[in-house]
Amino acid sequence: MLAYTIRRIFMLIPVLIGMSLVTFAIVHAIPGDPAKTIAGEKASPQELAEIRHNLGLDQPFYKQYFLYVNDLLHGNLGTSLITHVPISEEIQPYLAATAELSLAAMAIAIFFGVNLGILSAWRQNSWLDYSGMVVALLGVSIPVFWLGLMEQWLFAQKLGIFPSSGRIDPRLGFEGFSGFYVLDSLFSGDFTVLGDVMMHLILPAVALGTIPMAIIARMTRSSVLEVLRSDFVRTARAKGLSEFWVVYKHTLKNACIPVLTVAGLQMGLLLGGAVLTETIFSWPGVGRYIYDAIGQRDYPVIQSGILVLATIFVVINLLVDLIYAWIDPRIQYGKD
Amino acid sequence: MAQPVLEIKHLKLHFFTDKGVVRAVDGLDLTVQKGEIVGLVGESGCGKSVTSLAIMGLVPKPPGKIVDGSIIFAGQDLTKLNNKQMRQLRGKEIAMIFQEPMTSLNPLFTIGNQLIEAIRTHEKISKKAARERALDILKKVGIAREGVLDEYPHQLSGGMRQRVMIAMAMVLRPRLLIADEPTTALDVTIQAQILDLMKSLNEEFGTSVLLITHDLGVVAEMCDRIIVMYEGQVAEEADQRRLFKNPAHPYTQGLLKSIPKLDEQKKRLYAIPGQVPSPFNLPAGCRFAPRCEFAMEICRKEEPEIVKVDEKHFSRCFLNQKEAIDHGAHERS
């Protein structure tokens, strides 16, 4: 298991090289001139040439790439052309905000998705099953932005239960240290802040978690249905176990591998794909950070932002692979 | 005679499907005495496995439904118990082992986990005490290695897994063990070992066994009494010696003739002609009549009752009716 883990981590290297090459190439293929972004439309050709020279943009493509990779290896993600702040520093609070939102959304998605799927499978072809699957179908079909707007309209505007946007009430004057407001407020023992942070988190997390919830519910249902038919489930029942243990111990553990795969992929998608939700709820996340950078042609930010997200995506899927082996002793990664 | 451990009276279990009603068990009578090994024999689809699931209360409902009859176990009618009461009997008083040892254990939990779970579901004892009992019973089924408790099913052979299944079934010393084709999926040498093991546990614990099989060889070796099922009904019932020596029902005779014999020179094996009728479309009269070489006019019109042909020997055939009358015996009480 340890050998496999190490081997898999080394296998990430070519993947990461490929990813950096692709993001680098794509960003360079985008029409537009970063020098003009910096100097403005009215800059003289000399000024532009100077800026290009300073940025190394007059060098050949491969040299630029190697410079970029060299920087990456030193933990340098580059500097924003607009704010002149190192990206590795600037991206952190955005990343934390997105991670907090995605984790909350995933928690909702997994909890409701898995239980909905189990109930549907356990009472297959009953009204419970049908209504569960209707919910799941609606979940995958409703556009995130529409759901977000409806939530805001109903729960924030009409009912006034939740705040409509942002991460925290600025009047509280709270400044976290890690960027994860839930954890920060929990550790500082400030429950007023914690409550406020949670209230801000719920609406966007529900909006963002709906699609993965629906996908997980459908996956869980089909997977549980298959496992419920297996012989060992009959054995478990023959032992006199209650349905709860039959389903949540014997069935769920066997059914969770495909569910886990889907959940891992969805988690990766949430990290980068939260732009719409982040925009609607004014959530200062990494999706919006990159989106704004695209509007401003802030090439280093686009490039490094995408690379960071892609890296996280790959790492999450590695974790999922490692969890497989932990769940299923038959998966012996050492001997593949 | 003492009260039987299990007494099934006129059990009718039907499946209500979209295509029609399947009368999987249709008026079955069966008793198992204390310490007795009873064989339930028949072709695939004759209702023997459904019978075992009915005793366990594990028939999926719907589509399955017990429409008539009773299953009396230790004085209680199982058909009248609710889920919770049934759960308390399952695994503790009535245990079951299945045909497929390869898939009957959960692949993701250790043997120890699954054995201890079987114990602790019914008895409030510590994990440590349960572990010791688990080791004890494993020794009894011939697995002396302690490490086996921490192994996963895929690390064991089929025979070992079936031993574990037997250990799991016997650990709480149930009054009745239902074994549904316990050796069908095993090698012949392992089959003999497993049968020996079941027999010795039956003698040691006094557990009654209902052995479901299509293998007459197994039945001959193991059983005190044999019940032959055909299309959801008992075709013939007798003790082991009588059934093999003097089968009364043409179906049983056919089954016995189908066993290949080493000293026979015939090129072709005997097979009962025809096929098992579709459960949706049972023949009128005797259910075996279309395949029976002795079928008479009456067989295609009326359903025969089960009659006594000899001491402890019953058969459902019009051919036996006359003999029965000669014996002065009537319909079985």
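The name an unreviewed UniProt entry assigns to chain B is ABC transporter ATP-binding protein, from the organism Thermoactinomyces daqus. Quoted verbatim from the Subcellular location (unreviewed entry) heading of the UniProt record, the comment on chain B is "Cell membrane".

Taking an unreviewed UniProt entry as the reference, chain A is identified by name as ABC transporter permease belonging to Thermoactinomyces daqus. Under Sequence similarities (unreviewed entry), UniProt gives the following word-for-word description of chain A: "Belongs to the binding-protein-dependent transport system permease family." In its Subcellular location (unreviewed entry) section, the UniProt record describing chain A reads: "Cell membrane".

Asker: So what about the sheet that holds strand 5 (residues 76-77) of chain B? Which residues, and what values?
Answerer: Backbone-to-backbone hydrogen bonds join strands into a sheet, with any given pair of strands oriented parallel or antiparallel. Residue and element names in this part refer to chain B. Sheet architecture is open: four strands sit in the order 2-1-4-5, paired in antiparallel fashion. Sheet topology places strand 2 (20-32) and strand 5 at the edges, where each strand pairs with a single neighbour. Across nine bridges, the pairing between strand 1 (residues 6-17) and strand 2 is antiparallel. Counterpart to Lys12 in the pairing with strand 2 is Asp26. The strands touched by helix 1 (residues 48-56) are strand 1, strand 2 and strand 4 (64-73); relative to strand 1, the strand with the most contacts, the crossing angle is about 110°.

Asker: So, the UniProt feature "domain: ABC transporter" (unreviewed entry) in chain B: which residues are in play, and what are the values?
Answerer: In the numbering used here, UniProt assigns the feature "domain: ABC transporter" (unreviewed entry) to residues 8-256 of chain B. Secondary structure across residues 8-256 of chain B comprises 37% helix and 27% strand; the distance between its end C-alpha atoms is 26 Å.

Asker: Report on the UniProt feature "transmembrane region" (unreviewed entry) in chain A, specifying residues and quantitative values.
Answerer: All names here are of chain A. If you check UniProt for "transmembrane region" (unreviewed entry), the listed places come out as residues 9-30, 94-118, 130-149, 197-217, 259-281 and 301-327 in our numbering. Helix and strand shares over residues 197-217 are 100% and 0% respectively, and the end C-alpha atoms of the span are 28 Å apart. In residues 301-327, helix accounts for 100% and strand for 0%; the two terminal C-alpha atoms are 39 Å from one another.

Asker: A description of unusual backbone geometry should follow, citing residues and the corresponding values.
Answerer: What is expected of a backbone is that most residues other than glycine have negative phi and most peptide bonds are trans. All names here are of chain A. Located in the positive-phi region is His84, a residue other than glycine, with phi close to 60°. Summarising the element assignment, His84 is placed in the loop between helix 4 (61-73) and helix 5 (87-122). Here Ser282, not a glycine, exhibits a phi torsion of approximately 45°, which is positive. Inspection of the secondary structure assignment puts Ser282 in the loop between helix 12 (275-280) and helix 13 (286-295). We classify Ser282 as partly exposed; its relative accessible area is 37%.

Asker: Which residues make up the side chain of Gln266 of chain A, and what values do they have?
Answerer: In this fold, Gln266 of chain A is placed in helix 11 (residues 243-273). Look at Gln266 of chain A and you get buried, because its relative accessible area is 11%.

Asker: Just give me the short version of the pattern of salt bridges, but keep the residues and values in it.
Answerer: In this structure the tally under the stated criterion is 24 salt bridges over all chains. Here Lys239 of chain A makes a salt bridge to Glu117 of chain B, at a shortest N to O gap of 2.6 Å. Linking Lys239 of chain A in the loop between helix 10 (231-238) and helix 11 with Glu117 of chain B in helix 3 (residues 111-122), this pair reaches from one chain into another. As far as the burial class goes, Lys239 of chain A and Glu117 of chain B line up, both buried. Across the pair Asp26 of chain B and Arg287 of chain B runs a salt bridge, and its minimum N-O distance is 2.5 Å. Of this pair, Asp26 of chain B sits in strand 2 while Arg287 of chain B sits in the loop between helix 9 (250-257) and strand 11 (307-310), and the two are 261 residues apart along the sequence. Each of the two residues, Asp26 of chain B as well as Arg287 of chain B, counts as buried. Taken together, the shared-partner salt bridges in this structure form one network comprising Lys239 and Lys249 of chain A together with Glu117 of chain B.

Asker: An account of the nonpolar core is needed here, citing residue identities and associated values.
Answerer: All names here are of chain B. In this structure, Ile55, Leu176 and Met198 are the most contacted members of the largest nonpolar core, which totals 102 residues. Among the elements that line this core, the one with the most residues is helix 5 (residues 158-170), at seven residues. When neighbours within four sequence positions are excluded, Leu176 is seen to be in contact with Val5, Leu6, Val32, Ile55, Phe73, Glu93, Ile94, Ala95, Thr207, Ser208, Val209 and Leu210.

Asker: Quick one: what's the story with a nonpolar patch on the surface, residue by residue and with numbers?
Answerer: All names here are of chain A. Taken together, the side chains of Phe145, Trp146, Leu149, Met150, Trp153, Leu154, Leu159, Ile161 and Leu276 make up a nonpolar region of the molecular surface, amounting to roughly 840 Å² of accessible area. Here the element with the most residues in the nonpolar patch is helix 7 (residues 144-158); it accounts for six residues. Residue placement: Met150 occurs in helix 7. A residue is classified by how much of its surface remains accessible, and Met150, at 32% relative accessible area, is partly exposed.

Asker: Residues and numbers for helix 5 of chain B, please.
Answerer: Compared with the 18 Å implied by 1.5 Å per residue over 13 residues, the 18 Å span of helix 5 of chain B between its first and last C-alpha is a close match. Residues Gly158, Gly159, Arg161, Gln162, Arg163, Val164, Met165, Ile166, Ala167, Met168, Ala169 and Met170 of chain B constitute the buried set of helix 5 of chain B. Contacts made by the buried residues of helix 5 of chain B are with helix 10 of chain A together with strand 6 (94-97), helix 3, helix 4 (127-140), strand 7 (176-180) and helix 6 (188-205) of chain B.

Asker: Summarise the sheet that holds strand 7 of chain B; cite the residues concerned and give the values.
Answerer: Residue and element names in this part refer to chain B. Ordered in space as 6-7-8-3-9-10-12-11, the eight strands form an open sheet in which the pairing is mixed. Across the chains shown, the open sheet's two edge strands, defined by having one partner strand only, are strand 6 and strand 11. Between one strand and the next, the sheet's axes are offset by a mean angle of 20°, whatever the strand orientation. Looking at chain direction, strand 7 and strand 8 (residues 208-213) are connected through five bridges and run parallel. Each residue of the ladder has a partner; that of Leu177, found in strand 8, is Val209. Sheet strands in contact with helix 1 are strand 3 (37-41), strand 6, strand 7, strand 8 and strand 9 (225-230), and its direction is about 145° off that of strand 7. Strand contacts of helix 6: strand 3, strand 6, strand 7 and strand 8, with the helix running at about 155° to strand 8, the strand carrying the most contacts.

Parameters at a glance
- Residues numbered from 1 in each chain as written.
- Chains lettered and ligands numbered in written order.
- Predicted model: local features only at pLDDT ≥ 70, side-chain atom pairs only at ≥ 80, totals over all residues.
- Heavy atoms only, no water.
- UniProt positions renumbered as here; feature names shortened; annotations may be inferred.
- Pairing = 2+ DSSP bridges.
- Helix = DSSP H or I, 4+ residues; strand = E, 2+ residues; numbered from the N terminus.
- Contact = heavy atoms within 4.5 Å.
- Axes fitted to C-alpha atoms, helices over the stretch in contact; angles between N-to-C directions.
- Buried < 20%, exposed > 50% of the residue type's maximum accessible area, 1.4 Å probe, protein only.
- Salt bridge = Lys/Arg side-chain N within 4 Å of Asp/Glu carboxyl O.
- Core = buried A, V, L, I, M, F, W, Y, C linked by side-chain atoms within 4.5 Å.
- Patch = residues over 30% accessible without salt bridge, like charges linked within 9 Å, V, L, I, M, F, W, Y side chains within 5 Å.
- Areas by Shrake-Rupley, 256 points an atom, 1.4 Å probe, with all protein chains shown as cover.
- Expected span 1.5 Å × (residues − 1).

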